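Secondary and tertiary structure notes
Chain by chain, the residues:
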Amino acid sequence: MDEVLLEVRDLKMHFPIYRGALFRKEVNRVKAVDGLNFDIIKGETLGLVGESGCGKSTTGRALIQLYKPTAGSVKFKGQELTTLTKRQIHPLRRNLQMIFQDPYASLNPRMTVGSIIGEPLKVHGLADGSNLMKKTQDLMDIVGLDPRFVRRYPHEFSGGQRQRIGIARALATNPDFIVCDEPISALDVSIQAQVINLLEDLQSEFDLTYLFIAHDLAAVRQISTRIAVMYLGNMVELTDGARLYERPMHPYTQALISAVPIPDPEVESTRERIVLSGDVPSPLHPPTGCVFHTRCPFAFEKCAQEVPTFKEAEPGHLVACHLVDEPKRRFEAPNAETDAQKRAAVAAMRKAWDIPAPTPQ
Amino acid sequence: MAEQIPLLELKNLKTYFKTDEGIVRAVDGVSYQVMPGESLGVVGESGSGKSVTQISVLGLIPQPPGFIPGGEILFKGQDLLKMSKADLRKIRGNRISMIWQDPMTSLNPFLKVSRQLIEPLQIHQNLGTDDARAKAIKMLERVGIPAPSERFDQYPHQFSGGMRQRVMIAMALLNEPELLIADEPTTALDVTIQAQILELMKDLRRDLGTGLIIITHDLGVVAGMADRIVVMYAGRIVESAAARELFERPAHPYTVGLLKSVPRLDRGRAERLIPIEGRPPNVSKPIPGCAFAPRCAWATAQCHKEWPPAVEVEPGRVSHCWRATEVFEAELGTHATAEKVEKFEKQARDSHAEPKEAHHG
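One structure accompanies this document, and this report is about it. Chains are numbered independently. Their residues run from 1 in the order of the written sequence. Going through the entries in the order they are written, you letter the chains from A and number the ligands from 1. A pLDDT threshold of at least 70 governs which residues receive local features in this predicted model, and a stricter bar of 80 or more applies before side-chain atom pairs are shown or counted, although totals over entire chains, interfaces and linings include all residues.

It is worth spelling out the overall build of chain B at this point. Broken down by element type, chain B carries 13 helices and twelve strands. At 22 Å, chain B has a C-alpha radius of gyration in line with the 21 Å of a compact globule built from 361 residues. With C-beta atoms placed from the backbone, a residue is labelled by how many other C-beta atoms lie within 10 Å of its own: buried for 20 or more, exposed for 12 or fewer, partly exposed between the two. The proportion of buried residues among the 361 residues of chain B is 46%. Counted over contacts in chain B with a minimum sequence separation of 6, partners at least 24 positions apart contribute 65%. Secondary structure elements are taken from DSSP: a helix is a run of H or I of four residues or more, a strand is a run of E of two residues or more, and numbering for both begins at the N terminus. We take the radius of gyration over the C-alpha atoms and set the globule estimate at 2.2 Å times the residue count to the 0.38 power. Working definition of a contact: two residues with C-beta atoms, positioned from the backbone, lying within 7 Å.

And the structure:
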């Protein structure tokens with residue numbers, strides 16, 4: 001049986017907006033994350049994709065309690081995290097680590113690499129004195145940095161090497177779970193593969209579980225066991241990596257996948273793209289019902305009224321979409337802007353539900 | 001058949017910068033052609049000189065610290081480098097225009113969009129305010145901005161990122177330029193918005209017959225947008241070819257490396273990505289041989305000493321590599337498996353494990 005490492009229920013993370021100086025009054029709230037339900041299995045990499053502002057980074061931070069969630073529950077190995085005080089959570093932090101997106105901003109420029117990597121060891125009382133130096137240098141070696149550079153400063157390293165410093169720091173306390181928040185986005189193409197490979201190696205060597213947050217679907221597919229797709233604070237689809245790409249069921253996932261350019265002119269010249277109209281609505285005033293309905297080619301009346309439940313459309317494939325219960329509507333895309341768009345949208349749906357296209361007479 | 005005059009032709013262009021650490025050879029002898037109506041993709045990593053090359057074309061290199069020690073930039077046969085500032089101003093923004101990477105910073109936040117759109121029309125076409133207004137609103141409509149006459153008098157911050165990029169595109173196209181230079185036009189955008197913008201650029205190009213130079217690090221974007229591609233590394237072009245041929249049968253080890261290090265969404269999860277080891281060189285020191293040699297599996301003693309001449313592996317296909325023909329004949333493009341590439345790279349490495357006398361003559 002798969003062991004659940006993190007169990008997330010109804011997780012909400014709202015950021016209030018206040019007005020007035022003396023009588024501060026909450027006037028509105030940004031619903032960055034608005035009710036998530038999912039598990040993270042021990043040893044897996046759960047990929048979390050979505051566009052900017054969809055709440056994927058907020059989710060990562062709320063999971064390891066860098067933010068105090070507005071509502072909901074996060075259980076780590078069965079232990080509830082959201083009710084713990086700062087002091088209570090401190091010893092748990094060594095098991096819950098994070099790798100940040102920007103290798104330039106996330107390292108203190110006044111600290112040497114050695115003290116950056118060694119700090120978590122000191123904070124958690126895992127090493128001191130000469131032992132600390134040895135452990136720090138071991139960590140540098142593990143992530144592919146020359147241990148002789150232990151006294152150098154971050155600015156002396158390239159972007160890719162800095163990301164290795166960030167990885168070494170996250171590894172220092174021998175954690176169970178690491179949130180990787182866009183760890184490769186700031187790196188050059190030729191360096192990205194190095195970091196992905198390193199993360200994969202470390203995972204098998206140290207038995208790590210990752211939440212891998214990124215907007216690059218191809219990179220996420222490469223590293224992830226399962227992938228979750230977010231849109232405007234909600235999870236819309238969650239399944240294993242291959243299936244999500246082969247048979248995406250949510251109209252948003254379908255559009256997202258079709259929007260990713262493939263580095264092959266032959267493939268590109270024949271692709272039919274689903275181009276979503278408009279922009280992502282503001283999380284201050286999310287649409288009623290299904291948050292995607294304003295841009296969805298398939299949306300019908302119910303979508304604007306009722307929030308779809310996030311449930312299994314088939315074993316191991318969670319989708320939040322009314323089309324799951326409305327098979328007939330899968331082949332009408334009344335809101336598509338053009339006929340070509342309609343064809344592309346319906347073709348994606350047919351593929352997802354494995355229904356052959358009608359043969360022309 | 002009469003030879004067509006290229007729209008833009010660069011001949012051995014060099015752009016250097018004086019810095020405290022010495023002279024940075026940002027662009028070090030770049031030559032290429034863009035025919036009328038053609039689209040050229042310029043691919044490279046940060047620091048490869050791909051942007052500086054295009055900024056040089058527009059005459060926007062700050063001098064000092066920059067200077068152009070050599071080369072020609074021929075726009076329809078006229079050398080832009082020899083042109084007076086006044087004459088260049090008549091071309092820039094009129095017959096050649098530019099779309100910048102970051103729509104957040106490249107529009108003036110203090111001026112209404114209307115003012116920024118009317119200005120180029122007044123300067124280059126001598127239109128009166130009303131005519132310019134009408135034309136600009138029409139262009140906004142053409143690039144897909146909803147309710148253009150209402151939005152016309154808004155400020156840039158009132159537009160979303162994707163909409164701002166549309167405004168930029170509208171601005172660039174107002175004077176119906178013959179050549180459009182787009183520097184990472186979609187890098188700052190989300191993937192579904194990127195798809196919208198790329199579709200728009202394709203449509204407009206089809207309608208207006210504009211020549212296009214698209215600069216990007218994203219191989220997927222050029223695969224869909226470019227007719228021909230030049231690959232840059234450390235200030236030089238290492239390979240140039242028609243888009244399909246480049247992907248099918250690269251003739252430079254760096255191109256092979258790029259193709260193999262990028263995960264592809266439409267293929268299953270690779271066992272392991274093949275990264276390009278090492279990192280891009282520092283161009284502030286002169287590099288005697290091939291700049292890629294320290295990272296190249298195929299490199300021989302000669303590669304470290306001498307910059308390779310252009311090798312024409314096939315008519316119209318040029319690679320700057322001492323072993324271009326071998327790489328080309330190995331067929332290591334998108335259809336080659338990872339094992340095949342690794343096998344050839346291993347063979348290449350072994351074949352020069354013992355230093356041999358470099359072949360002269």
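Here the focus is the overall build of chain A. From N to C terminus, chain A includes twelve helices and twelve strands. Based on the C-alpha atoms only, the size of chain A along its principal axes is roughly 80 × 60 × 45 Å. Here chain A, with 361 residues, has 46% of them falling under the buried criterion. Taking the contacts inside chain A whose residues are at least 6 apart along the sequence as the reference set, 64% of them involve residues at least 24 apart.

We now examine the interface of chain A and chain B. How big an interface is tends to be stated in terms of accessible area lost as the parts join. Contacts between the two partners involve 38 residues from chain A and, on the opposite side, 41 residues from chain B. If you list the elements that add at least two residues to the side of chain A that touches chain B, you get helix 6 (189-206), helix 7 (217-223), helix 8 (241-246), helix 9 (251-259) and helix 10 (265-270) of chain A. Element by element, the count of residues in the side of chain A that touches chain B is highest for helix 6 of chain A, at seven residues. Residue classes in the side of chain A that touches chain B are distributed as 21 nonpolar, nine polar and eight charged. In this classification, Asp, Glu, Lys and Arg are treated as charged, Ala, Val, Leu, Ile, Met, Phe, Trp, Tyr, Cys and Pro as nonpolar, and every other residue, Gly included, as polar.

Residue and element names in this part refer to chain A. Only strands that DSSP links by at least two bridges are regarded as paired with each other. Here we have eight strands laid out as an open sheet, ordered 6-7-8-3-9-10-12-11, and mixed in their pairing. Strands at the two margins of the open sheet, each flanked by one partner only, are strand 6 (96-99) and strand 11 (311-314). Recorded for the sheet is a direction-independent mean angle of 25° between the axes of neighbouring strands. Two strands pair when backbone bridges link them, and strand 10 (residues 234-240) and strand 12 (residues 317-319) are joined in this way by two bridges, in the antiparallel orientation. Counterpart to Leu238 in the pairing with strand 12 is Leu318. Lying on the sheet, helix 9 is in contact with strand 9 (226-231) and strand 10; it crosses strand 9 at an angle near 105°. For helices, the fitted axis covers only the stretch in contact; all axes are lines through C-alpha atoms, and the angles between them, taken along N-to-C directions, range from 0 to 180 degrees.

To continue, consider the nonpolar core. Nonpolar side chains in soluble globular proteins tend to be buried together. In this usage, the nonpolar core is the set of buried Ala, Val, Leu, Ile, Met, Phe, Trp, Tyr and Cys residues whose C-beta atoms join them within 7 Å. Among the nonpolar cores identified, the biggest contains 203 residues, and Ala168, Leu211 and Phe212 of chain A together with Ala170 and Val222 of chain B are the most heavily contacted of them. With eight residues, the single largest contributor to this core is helix 6 (residues 161-173) of chain B. Ignoring anything within four residues of it in the chain, the contact list for Leu211 of chain A reads Ile40, Leu46, Leu48, Gly60, Leu63, Val179 and Cys180 of chain A.

What follows deals with the environment of Glu199 of chain B. Mapped onto the secondary structure, Glu199 of chain B falls in helix 7 (residues 191-208). Exposure remark for Glu199 of chain B: the 15 C-beta atoms within 10 Å place this residue in the partly exposed category. C-alpha of Glu199 of chain B to C-alpha of Met225 of chain B: the two residues are 26 residues apart in sequence and 9.3 Å apart in space. Setting aside residues up to four positions removed in sequence, Glu199 of chain B forms contacts with Arg273 and Val275 of chain A.

So, on to the pairing of strand 4 (residues 71-76) of chain A. Residue and element names in this part refer to chain A. Of the pairings in the sheet, the one linking strand 1 (residues 4-19) to strand 4 comprises five bridges and is antiparallel in character. Note that in strand 4 the partner of Leu6 across the bridge is Phe76. Between the end of strand 4 and the start of strand 5 (residues 79-80), which pair antiparallel, lie two residues, with Lys77 showing a positive phi angle near 50°.

What follows is about the sheet that holds strand 5 of chain A. Residue and element names in this part refer to chain A. The strand order across the open sheet built from four strands is 2-1-4-5, with neighbouring strands paired in antiparallel fashion. Two strands close off the open sheet at either side, each with one partner strand: strand 2 (25-41) and strand 5. Relative to strand 5, strand 4 runs antiparallel, the two sharing two bridges. By the bridge assignment, Lys75 is partnered in strand 5 with Glu80.

A few words on helix 9 of chain A. Buried residues dominate helix 9 of chain A, accounting for nine of its nine residues. Within helix 9 of chain A, the full set of buried residues consists of Pro251, Tyr252, Thr253, Gln254, Ala255, Leu256, Ile257, Ser258 and Ala259 of chain A. Looking at the buried positions of helix 9 of chain A, the neighbouring elements they touch are helix 7, strand 9, strand 10, helix 8 and helix 12 (339-353) of chain A together with helix 7 of chain B.

Right, let's talk about unusual backbone geometry for a bit. All names here are of chain B. Omega for the bond connecting Gln63 with Pro64 falls within 30 degrees of zero, at -15°, which places this linkage in the cis form. For Pro64, the location among the structural elements is in the loop between helix 1 (50-57) and strand 4 (66-75). Between Pro64 and Pro65 the backbone carries a cis peptide bond, its omega angle lying at 5°. Of note, the phi angle at Asn126 is positive, near 55°, even though the residue is not glycine. By the element assignment, Asn126 lies in the loop between helix 3 (113-125) and helix 4 (129-142).

Here we come to the packing of helix 9 of chain A against helix 7 of chain B. Two quantities define a packed helix pair, namely the angle between the axes and the distance from one axis to the other. Where helix 9 of chain A meets helix 7 of chain B, the axes come as close as 8 Å, and the angle between the chain directions of the two elements is 55°. As far as their axial angle goes, helix 7 of chain B and helix 9 of chain A are oblique. In this structure, helix 9 of chain A meets helix 7 of chain B at a crossing whose hand is left-handed. On the side of helix 9 of chain A, the interface is formed by Ala255, Leu256 and Ala259 of chain A, while helix 7 of chain B contributes Val191, Thr192, Gln194 and Ala195 of chain B. Of the residues that constitute the contact of helix 9 of chain A with helix 7 of chain B, the class distribution is five nonpolar, two polar and no charged. Here the angle decides the label: under 35 degrees means roughly parallel, over 145 means roughly antiparallel, 65 to 115 means roughly perpendicular, and every other value means oblique. Crossing chirality is assigned from the near helix's rotation relative to the far helix, an anticlockwise turn below a right angle marking it left-handed and a clockwise turn marking it right-handed.

This part is about the pairing of strand 1 of chain A. Residues and elements named next belong to chain A. Where strand 1 lies against strand 2, 13 bridges are found, and the strand directions are antiparallel. In the strand pairing of strand 2, Met13 is matched with Val33. Counting the residues in the hairpin turn of strand 1 and strand 2 gives five residues, including Gly20, whose phi is positive at 90°.

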